[in-house]
Amino acid sequence: MNVSIEKSWEKLLKYEFKKEYFIKLVDFVKEEYKTHKIYPPGKDIFKAFDYCSVDKVKVIILGQDPYHGKGQAHGLCFSVPEGTAIPPSLVNIYKEIKSDLNKNIPETGNLEHWAKQGVLLLNATLTVRAHQAGSHQNKGWETFTDAVIEKISQEKEHIVFLLWGAYAQKKGQVIDVNKHYILKSPHPSPFSAHTGFLGNKHFSKTNKFLKSKGLKEINW
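Described in the following lines is the structure provided in the data block. (Residues numbered from 1 in each chain as written. Predicted model: local features only at pLDDT ≥ 70, side-chain atom pairs only at ≥ 80, totals over all residues. Heavy atoms only, no water.)

## Notes on unusual backbone geometry
Under the convention used in this document: Strands here mean DSSP runs of E at least two residues long; helices mean DSSP runs of H or I at least four residues long; both are numbered from the N terminus.
The amide bond that connects tyrosine 39 to the next residue, proline 40, takes the cis arrangement and shows omega of -5°. Residue placement: proline 40 occurs in the loop between β1 (38-39) and α4 (47-51). Although it is not a glycine, asparagine 102 adopts a positive phi angle of roughly 60°. Relative to the elements of secondary structure, asparagine 102 occurs in the loop between α5 (88-101) and α6 (112-115). Its identity as a non-glycine residue notwithstanding, asparagine 138 has a phi of 60°, on the positive side. Along the polypeptide, asparagine 138 turns up in the loop between β4 (128-129) and α7 (141-155).

## Some thoughts on the packing of α5 against helix α9 (residues 202-212)
Here is the rule we go by: Axis lines are fitted through C-alpha atoms, for helices just across the contact stretch, and the angle between N-to-C directions can take any value from 0 to 180 degrees. Our angle categories are set so that under 35 degrees counts as roughly parallel, over 145 as roughly antiparallel, 65 to 115 as roughly perpendicular, and the remainder as oblique. Should any heavy atoms of two residues lie within 4.5 Å, those residues are considered in contact. Under the scheme applied, nonpolar residues are Ala, Val, Leu, Ile, Met, Phe, Trp, Tyr, Cys and Pro; charged residues are Asp, Glu, Lys and Arg; polar residues are all the others, including Gly.
Interhelical geometry of α5 versus α9 gives an angle of 60° and a closest axis separation of 8 Å. In this view, α5 runs oblique relative to α9, as classed from their interaxial angle. On α9, the residues that touch Ile93, Glu96, Ile97, Asp100 and Leu101 of α5 are His202, Phe203 and Ser204. Partitioning the contact of α5 with α9 into residue classes produces 4 nonpolar, 2 polar and 2 charged.

## Looking at the sheet that holds strand β2 (residues 59-63)
Heads up, the condition is: Any two strands are treated as partners once DSSP identifies two or more bridges connecting them.
The parallel open sheet is built from 4 strands, whose spatial order is β3-β2-β5-β6. Because the sheet does not close on itself, it has two edges, and the strands there are β3 (119-123) and β6 (181-185). Each neighbouring strand pair of the sheet contributes to a mean axis angle of 20°, computed without reference to strand direction. Pairing geometry for β2 and strand β5 (residues 160-164), over 3 bridges, is parallel. Counterpart to isoleucine 61 in the pairing with β5 is leucine 162. Relative to the sheet, α7 contacts β2, β3 and β5, its axis offset from that of β3 by approximately 150°.

## As for α7
To be explicit about the condition: By this rule, a helix spans an expected 1.5 Å times one less than how many residues it contains. Relative accessibility decides the category of a residue: with a 1.4 Å probe and only protein chains considered, values under 20% of the type maximum give buried, values over 50% give exposed, and everything between is partly exposed.
Relative to the 21 Å expected for 15 residues at 1.5 Å per residue, α7 spans 21 Å between its end C-alpha atoms, a close match to the ideal helical length. Of the positions making up α7, those classed as buried are Trp141, Glu142, Phe144, Thr145, Ala147, Val148, Ile149, Ile152 and Ser153.

## What to know about the state of the cysteines
Heads up, the condition is: Disulfides are defined as cysteine sulfur pairs within 2.5 Å.
Overall, the coordinates contain 0 disulfides when judged by the stated rule. Looking at the unpaired cysteine 52, the closest cysteine sulfur is the one in cysteine 77, lying at 11 Å. By relative accessible area, which is 0% here, cysteine 52 ends up buried.

## What about the nonpolar core?
In plain terms, the rule: Residues enter a nonpolar core if they are buried and are Ala, Val, Leu, Ile, Met, Phe, Trp, Tyr or Cys, with the set joined through side-chain atoms within 4.5 Å.
Formed by 63 residues in total, the largest nonpolar core has its most connected members in Trp9, Phe49, Ile61, Trp114, Leu120, Phe144 and Trp220. When residues no more than four places from it in sequence are discounted, the contact partners of tryptophan 220 are Val59, Ile61, Ile97, Leu101, Lys103, His113, Trp114, Val119, Leu162, Phe203, Thr206 and Asn207.

## Topic: the environment of glycine 69
Note that glycine 69 resides in the loop between β2 and α5. By relative accessible area, glycine 69 is classed as buried at 14%. Expressed as a C-alpha distance, the spacing of glycine 69 and tyrosine 39, which sit 30 residues apart in the sequence, is 8.2 Å. In this structure glycine 69 touches Tyr39 and His131, once residues within four positions along its chain are discounted.

The following block contains the structure:
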């Protein structure tokens, strides 16, 4: 694992990469890739950042762990590569977009087109062992992604944060509510989507806010 991240993020987070926890995290992750099957592929660990430079960020969606099944994780939360079955949470996200914006449900679960428009699809933990959910939690990734959120909150304004579920909402406590637009709802998982995710209209609300700030809306 080489710590190679898009240049604007490298500049924003340069002090984070020098901290002891991050150096230990890199050592841990390198060893894991040598000794276990780890997702996503190493080149995709920082893909969310590579697609969405600091100046382009308009929306942040927070996930928790990468998918731990074969061929699913590719560095963007909730997203899967072309040709991979659409996971249940993303099915519900698409249902809400259809209901909210009257858009057809896509045949692919690949969300790269969101990322390229300025949607940072950020998991709290950026790596995971195959078939072992949560296996890389509490190793330092959460500290790093907290720093990402805090830096964006400090350095930018008018970012839309979509916080789905208790975990994302807790992680979003560092966000400056006076500078940014925060939308909260239950998680889109089949276990909770019917308790308030479906019907939350977060996608139209996001676009309405962006438009009000003179920013280009997201083509969901």
